[in-house]
Amino acid sequence: MTTISPPDRAGAATACAHCGLPVPAVLLRPDGQQSFCCGGCATAYAIIHEGGLDRYYDLPERRSAAVAPSGKSFEEFDHPAFHALYVRARPDGTAETELYLDGVHCASCVWLVERVPLLVPGVLRAELEVGRALAHVAWNPASTSLSAIARFLDTLGYRPHPFRAQRVEERRRAEDRTAMLRIGVAGALAGNVMMLAVALYSGWFAGMEPAFVRYFRWLSLLLTAPVLIWPGRVFFQGALASFRTRRLHMDLPIAIALGAGFVRGTMNTVTDTGPIYFDGVAMLVFLLLVGRFLQQRAQRAATDATSLLHGLTPSVARMVEGEAIREVPAEALLPGVLVEVRAGETFPADGTVAEGESRVDLSLLTGESRPVAALPGAKVWAGTVNLAAALRVTVTQSGEESRVGRLVREVAAGAGRRARIVLLADRLAGWFVAVVLLLAALTWWYWQGTSPDAALDNAIALLIVTCPCALALATPLAVTVSIGRAARRGILIRGGDALEALARPATIYLDKTGTLTDGRFRMTAWNGPEWARPLVVALERHSSHPVAAGFLEAWPRLDAPIAAAVRQTMGGGIEGRVAGREVIVGSPVFVGSRATGAPPTSDHTSAADTPVWVAVDGAVVAAASFGDPLRAEAPGVVGRLRERGWAVRLLSGDARDVVEAVAGQVGVGSGDWRGEVTPEGKLEEVERAAGQGAVVMVGDGVNDAAAMARATVGVAVRGGAEASLAVADVYLSRPGLSALDELMEGSERTLRVIRRNVAMSLVYNVAGAALAMGGWINPLLAAILMPASSITVVLASWRSRTFEEGA
Amino acid sequence: MSVLYVVLPIALLLLAGAIAAYAWAARRGQFDDLKTPAIRALHDDDTALRPGSDKTTPPT
């Protein structure tokens, strides 16, 4: 792969050839070949190129995120217990399943994922549903395994999770299909009734044979009846429920208007006198159904959040029984049993280390950016990743009782306790309903006294002309348009209530690891001679320490000699013989105790970084530092949030000194940040703040999930365990924090559009009501006024400028 | 004008047909995913690379 000509866009010297992100200076290739921002991207590029799929790089819209494979083995995907739960066997011997993929946000993902059958022999079909990041995969178990497919997707940067909400999904799908069908039937019939109405109105002015008028009116009746009987039924059911619960609901006047209009229209058709209202009635049903469907779609979670959280722990564990090792379902682990967890695997349960030494990546659970040593006796938790070597762990708690299990429950409970934001239109609806009913009654009573014949007609005209279509459409339309625009800008918003809440500045909590920072442990500085690099790389190839991974990622294609006599000291460093020289790499204490001198320069980039020294033949020659650097745009974004009026606070599970350094860099004052906060602590803090007003929680991992679910609005940033972020109301799929500022701006604009829409529809309704009460509304005017208000709202929403480039 | 007595019922029959076709499509899940097919249509068809012809030979 060193002979490929670089694709066009790699022309900019510092763009990663795979993802287009800037390449760190230490990774720049001097020889003019493609550079990659990380090892993951280099691997993905190689796979795509070798599969003959270079056209991927010509796609106009591509995923711009570093490929960060989890490196998991996905062995449990092949376990019979897993297959029994998620895999369907087909009669022809093939198998199929659904996988939820992290990192799917654009057109190029569809292209790439659907070409997996070309790259992995044995995969028959891979279809991606981009809106929900759900891949439908079919394969031949004789020639490949699901774990191989999963590993392959992981290498491309789409970490797969089993999709555990199939039954919920089936039900939702059926609901959606019924809703689409209702809208379609109502729309088709209403459209035809409207055409007949136009003919009748023209006839009113131009003259029409009475026989044809009667014929057209009967046809209208014939077409309107089914609209009320099937699609319109929901409003009568809603009104009935409103009646039973004694709460005013928008369905109540709608049902009265529909019912009265239809009955009166039918009577008038039979007696061949007066207006028929059928066009208004049918159109009302259609427009209201559309508005409701849009709103429901926007609010619905893509998948069942808690079911995805369960996907964080492996479903199968390796239980040790004497000499034998047996695979058992993770749910079946009882306290006291011994399990084996190999390097790169996720712990299936909480427990204490019984045998072995390793390091554990806790970032998923606690937000701790630095890996933690796991020696015998240390506690480990389900869902965290064993990095270095095989461990035997005595289980203390498993399944629901494990820490991550309890956290999942907290997430569900937090979401349940959250105070729902009452939408502007919903707040108005109750009043609106009461006023309309009152006015209709007044109209009827007044006209009863003066001209009894017109009383019922005028009251019905009022109910129809004040049709809340425009009001019902005002919010969902503005929200749907904004959500669509935001999605194109990489901001995925789940519900309109989030937009309304974000438009009003309150308190915002930011997580540190992965939110303000990259969340990846990497080399931030290297002070030392060029010749020492191959020596370090040679040695670090023997280690699985994150520092070693950092070195190898920083210099991926350095030709290094072979190291011999390599010895590792847990918590210290690594030493060995490379090209005839004694090389030591490790912590300053470890290296200082075995060599003399100090590294050339010692200007650490940040107090939060971990220093690493390098000694060759007994003398310290170089120092590197490793850390999780702050995102470049973070201070600017925090500043702009403040300008908008937000109270910005920092909440992190990382060590206090690290959090303090970051707080200083983004300009968060001493009283406004907290370090070493457990996930439970984050939830408490958010809960406390939520008692005083709206709270926004921005985070990236499971450790933030409970707090995000409890907050008024939870915002998830790219990175971390994406499956856990289904609890968030907003997901920023664009790398970095700049989208956060745009989100606030767009929300403010959206709320302005909603207010304008509501005001417009209210003005229409007030005018219409006044005319109807005065008895000036004839059927023609009512037919024009009613849809006119809806059309105005539709146009105003489309023309609104929310979430636009440069907005 | 009396042709209307024939034409309108025919039009309504056509409408019934259209609704039936729509119901069939909606029930079959044609409207379940409105986003991906739009994207897929823009991608070049490489049926030649589809399974059956197996894996392409990687350029060396």
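Positions within a chain are numbered from 1, following the residues in the order the chain's sequence is written. Going through the entries in the order they are written, you letter the chains from A and number the ligands from 1. Owing to the predicted nature of the model, reporting of local features is limited to residues with pLDDT of at least 70; listing and counting of side-chain atom pairs is limited to 80 or more, with chain, interface and lining totals taken over all residues. Water and hydrogen atoms were dropped before computing side-chain values, which therefore reflect all heavy atoms in the structure.

**Q** Explain the overall build of chain B residue by residue, including any values.
**A** Only DSSP runs of H or I with at least four residues qualify as helices, and only runs of E with at least two residues qualify as strands; both kinds are numbered from the N terminus onward. Secondary structure summary: chain B contains two helices and zero strands in total. With a 1.4 Å probe rolled over the protein chains alone, any residue whose accessible area is under 20% of its type maximum counts as buried; one over 50% counts as exposed, and the rest are partly exposed. Residue burial in chain B is summarised as follows: out of 60 residues, 27% are buried. In short, Shrake-Rupley with a 1.4 Å probe defines the accessible areas, and a residue's cover is counted only from the protein chains shown. Carbon and sulfur atoms provide 65% of the accessible area of chain B, an area that totals close to 4400 Å².

**Q** Can you explain the overall build of chain A? Please cite residues and give values.
**A** Broken down by element type, chain A carries 27 helices and 27 strands. Considering chain A as a whole, with its 807 residues, one finds that 55% of them fall into the buried category. The contact definition used throughout considers only heavy atoms, calling two residues in contact when any of these lie within 4.5 Å. Relative to all contacts within chain A whose residues are 6 or more apart in sequence, the contacts with residues 24 or more apart total 69%. As presented, chain A carries roughly 32100 Å² of accessible surface, and 58% of it is formed by carbon and sulfur atoms.

**Q** If you had to explain the nonpolar core to someone new, which residues and values would you point to?
**A** If you look at the biggest cluster of nonpolar residues, it comprises 83 residues, and the most contacted ones within it are Leu101(A), Trp526(A), Phe551(A) and Val585(A). Remark: nonpolar core denotes a set of buried residues (Ala, Val, Leu, Ile, Met, Phe, Trp, Tyr, Cys) joined through side-chain atoms within 4.5 Å. With 56 residues, the next largest nonpolar core counts Ala478(A), Leu732(A), Leu740(A) and Phe803(A) among its residues.

**Q** Describe the interface of chain A and chain B, naming the residues involved and giving the relevant values.
**A** Facing the 38 residues of chain A at the interface are 33 residues of chain B. A buried area of about 3200 Å², summed over both sides, lies between chain A and chain B, and 64% of it is on carbon and sulfur atoms. We define a salt bridge as a side-chain nitrogen of Lys or Arg found within 4 Å of a carboxyl oxygen belonging to Asp or Glu. Our enumeration of links across chain A and chain B arrives at two salt bridges. Listing elements by their share of the side of chain A that touches chain B, those giving two or more residues are helix 1 (39–50), helix 3 (107–113), helix 4 (116–119), strand 3 (123–129), helix 6 (166–206) and helix 7 (210–229) of chain A. By residue number, the principal contributor to the side of chain A that touches chain B is helix 6 of chain A, which donates 10 residues. Considered class by class, the residues forming the side of chain A that touches chain B number 23 nonpolar, six polar and nine charged. A simple way to read buried area is as the amount of 1.4 Å-probe accessible surface that goes missing from two parts once joined, with both sides added. The nonpolar class holds Ala, Val, Leu, Ile, Met, Phe, Trp, Tyr, Cys and Pro. Asp, Glu, Lys and Arg form the charged class, and all remaining residues, Gly among them, are polar.

**Q** Explain the packing of aromatic side chains residue by residue, including any values.
**A** Between the rings of Phe, Tyr and Trp (Trp by its six-membered ring), a pair exists once the centres lie within 6.5 Å; its type follows the angle of the planes, with under 30 degrees stacked, over 60 edge-to-face, and the other angles tilted. Scanning all chains against the criterion turns up 12 aromatic pairs over all chains. For the ring pair Phe262(A) and Phe278(A), a centre distance of 5.7 Å and an interplane angle of 55° mean the geometry is tilted. Here Phe278(A) lies in helix 10 (residues 278–299) and Phe262(A) lies in helix 9 (residues 251–271), a separation of 16 residues in the sequence. In this structure, Phe262(A) and Phe278(A) share a single accessibility class: buried. Considering the side-chain rings of Tyr22(B) and Phe31(B), the 5.3 Å spacing of their centres and the 35° angle between planes classify their relative orientation as tilted. Classification of Tyr22(B) by relative accessible area gives partly exposed; the value is 23%. You can call Phe31(B) partly exposed: its relative accessible area is 24%. Counting as a charge over the ring demands two things of the Lys NZ or Arg CZ atom: a distance within 6 Å of the ring centre and an angle within 35 degrees of the ring normal. The residue whose ring lies beneath Arg403(A) is Trp381(A), and the NZ or CZ to ring-centre distance is 4.9 Å.

**Q** An account of helix 22 (residues 634–644) of chain A is requested, with residue identities and associated values reported.
**A** Residue and element names in this part refer to chain A. Buried within helix 22 are the following residues: Ala634, Val637, Val638 and Leu641. End-on view of helix 22: buried residues confined to an arc of 100°, all on one side of the axis. Where helix 22 is buried, its residues contact strand 16 (507–510), helix 18 (512–516), strand 23 (647–651), helix 23 (656–666) and helix 26 (738–773). Along the arc lie the directions from the helix axis toward the C-beta atoms.

**Q** So, the confidence of the model for chain B: which residues are in play, and what are the values?
**A** Residues and elements named next belong to chain B. Each residue carries a pLDDT score, the predictor's confidence in it, ranging from 0 to 100. Considering every residue of chain B, the mean pLDDT works out to 75; 72% of them sit at 70 or more. Under a pLDDT of 50 for its full length, residues 47–60 has, in the predicted model, 17 contacts with residues more than four places off or in other chains. Of the two predicted TM-score estimates for the complex, the pTM is 0.65 and the ipTM is 0.77.

**Q** An account of the pairing of strand 9 (residues 350–355) of chain A is requested, with residue identities and associated values reported.
**A** All names here are of chain A. Note on pairing: DSSP must find at least two bridges between two strands before they are called paired. Across five bridges, the pairing between strand 9 and strand 14 (residues 391–397) is antiparallel. In the sheet register, Thr352 faces strand 14, and the bridge partner there is Thr394. As judged from the two bridges shared by strand 9 and strand 12 (residues 379–380), these two strands associate in the antiparallel manner. Paired with Gly351 across the strands is Val380, a residue of strand 12.

**Q** Would you mind going over empty space enclosed by the protein in detail, with residue names and values included?
**A** If you roll a probe as big as a water molecule over the atoms, it shows you where there is empty space left. All names here are of chain A. The pocket and cavity definitions rest on a 1 Å grid over protein atoms only: a 1.4 Å probe that fits but cannot leave marks a cavity, an open set with protein on both sides within 12 Å along at least five of seven lines marks a pocket, and residues lining either have an atom within 4 Å of a point. Grid points are joined across faces, edges and corners, and a volume is the space filled by probe spheres set on the points. Summed over all chains, the structure comprises 11 cavities of 30 Å³ or more. Contributing to the lining of the largest cavity are 16 residues, with Glu76, Pro314, Val316, Arg318 and Glu345 lying nearest its centre. Broken down by secondary-structure element, the contributors of at least two residues to the lining of the largest cavity are strand 6 (316–321) and strand 8 (338–341). Of all the elements, strand 6 adds the most residues to the lining of the largest cavity, at three residues. Of the residues belonging to the lining of the largest cavity, the class tally is six nonpolar, three polar and seven charged.

**Q** Can you tell me about the pattern of salt bridges, naming the residues and giving the values?
**A** Residue and element names in this part refer to chain A. Across all of its chains, the model carries 30 salt bridges over all chains by this definition. Across the salt bridge formed by Arg90 and Glu96, the nearest N and O atoms sit 3.3 Å from each other. By relative accessible area, which is 42% here, Arg90 ends up partly exposed. Among the charged side chains, a salt-bridge network with shared partners connects Arg88, Arg90, Glu96, Glu98, Arg125 and Glu127.

**Q** Account for the sheet that holds strand 17 (residues 522–527) of chain A, naming residues and giving values.
**A** Residues and elements named next belong to chain A. Strand order in the open sheet made by the six strands is 17-22-21-20-19-18, with antiparallel pairing throughout. For this open sheet the edge positions go to strand 17 and strand 18 (563–569), each flanked by a neighbour on one side alone. Put simply, the sheet's adjacent strands are angled 20° from each other on average, direction ignored. The pairing of strand 20 (residues 581–586) with strand 21 (residues 610–616) spans four bridges and is antiparallel. In the sheet register, Gly586 faces strand 21, and the bridge partner there is Trp613. Throughout, an axis means a line fitted to C-alpha atoms (over the contacting stretch in the case of helices), and angles, computed between N-to-C directions, take values from 0 to 180 degrees.

**Q** Any details on the packing of helix 7 of chain A against helix 1 (residues 4–27) of chain B? Residues and values, ideally.
**A** Following both chains from N to C, one finds helix 7 of chain A and helix 1 of chain B inclined at 15°, their axes separated by 12 Å at the closest point. The orientation of helix 7 of chain A with respect to helix 1 of chain B, classified from their angle, is roughly parallel. Where helix 7 of chain A crosses over helix 1 of chain B, the handedness of that crossing is right-handed. Here Ala211(A), Phe212(A), Tyr215(A), Phe216(A), Leu219(A) and Leu223(A) of helix 7 of chain A lie close against helix 1 of chain B, whose contacting residues are Leu4(B), Tyr5(B), Leu8(B), Pro9(B), Leu12(B) and Leu15(B). Throughout this description, any angle smaller than 35 degrees is read as roughly parallel, any larger than 145 degrees as roughly antiparallel, any in the 65 to 115 degree range as roughly perpendicular, and the remainder as oblique. Crossing handedness: left-handed means the near helix sits turned counterclockwise from the far one by under a right angle, and right-handed means the same turn made clockwise.

**Q** Just give me the short version of a nonpolar patch on the surface, but keep the residues and values in it.
**A** All names here are of chain A. The grouping of Leu438, Leu442, Trp444, Trp445, Tyr446 and Leu456 at the surface amounts to a nonpolar patch, some 680 Å² of accessible area in total. Element by element, the count of residues in the nonpolar patch is highest for helix 14 (residues 424–450), at five residues. Looking at where Leu438 falls in the secondary structure, it is placed in helix 14. On the basis of relative accessible area, Leu438 is assigned to the exposed category, the value being 56%. Patches here: salt-bridge-free residues with over 30% relative accessible area, like charges joined within 9 Å, nonpolar side chains (Val, Leu, Ile, Met, Phe, Trp, Tyr) joined within 5 Å.

**Q** Would you mind going over the environment of Ala770(A) in detail, with residue names and values included?
**A** All names here are of chain A. With respect to the helices and strands, Ala770 occurs in helix 26. Looking at Ala770, the relative accessible area reads 45%, which means it is partly exposed. A sequence separation of 331 residues divides Ala770 from Leu439, and the C-alpha atoms of the two residues are 9.5 Å apart.

**Q** Can you tell me about the pairing of strand 8 of chain A, naming the residues and giving the values?
**A** All names here are of chain A. Sheet topology note: the strand 6/strand 8 ladder contains three bridges and is antiparallel. Its bridge partner lying in strand 8, Val320 is registered against Leu338. Pairing between strand 8 and strand 14: four bridges, direction antiparallel. Note on strand 14: the bridge partner recorded for Glu340 is Arg392.

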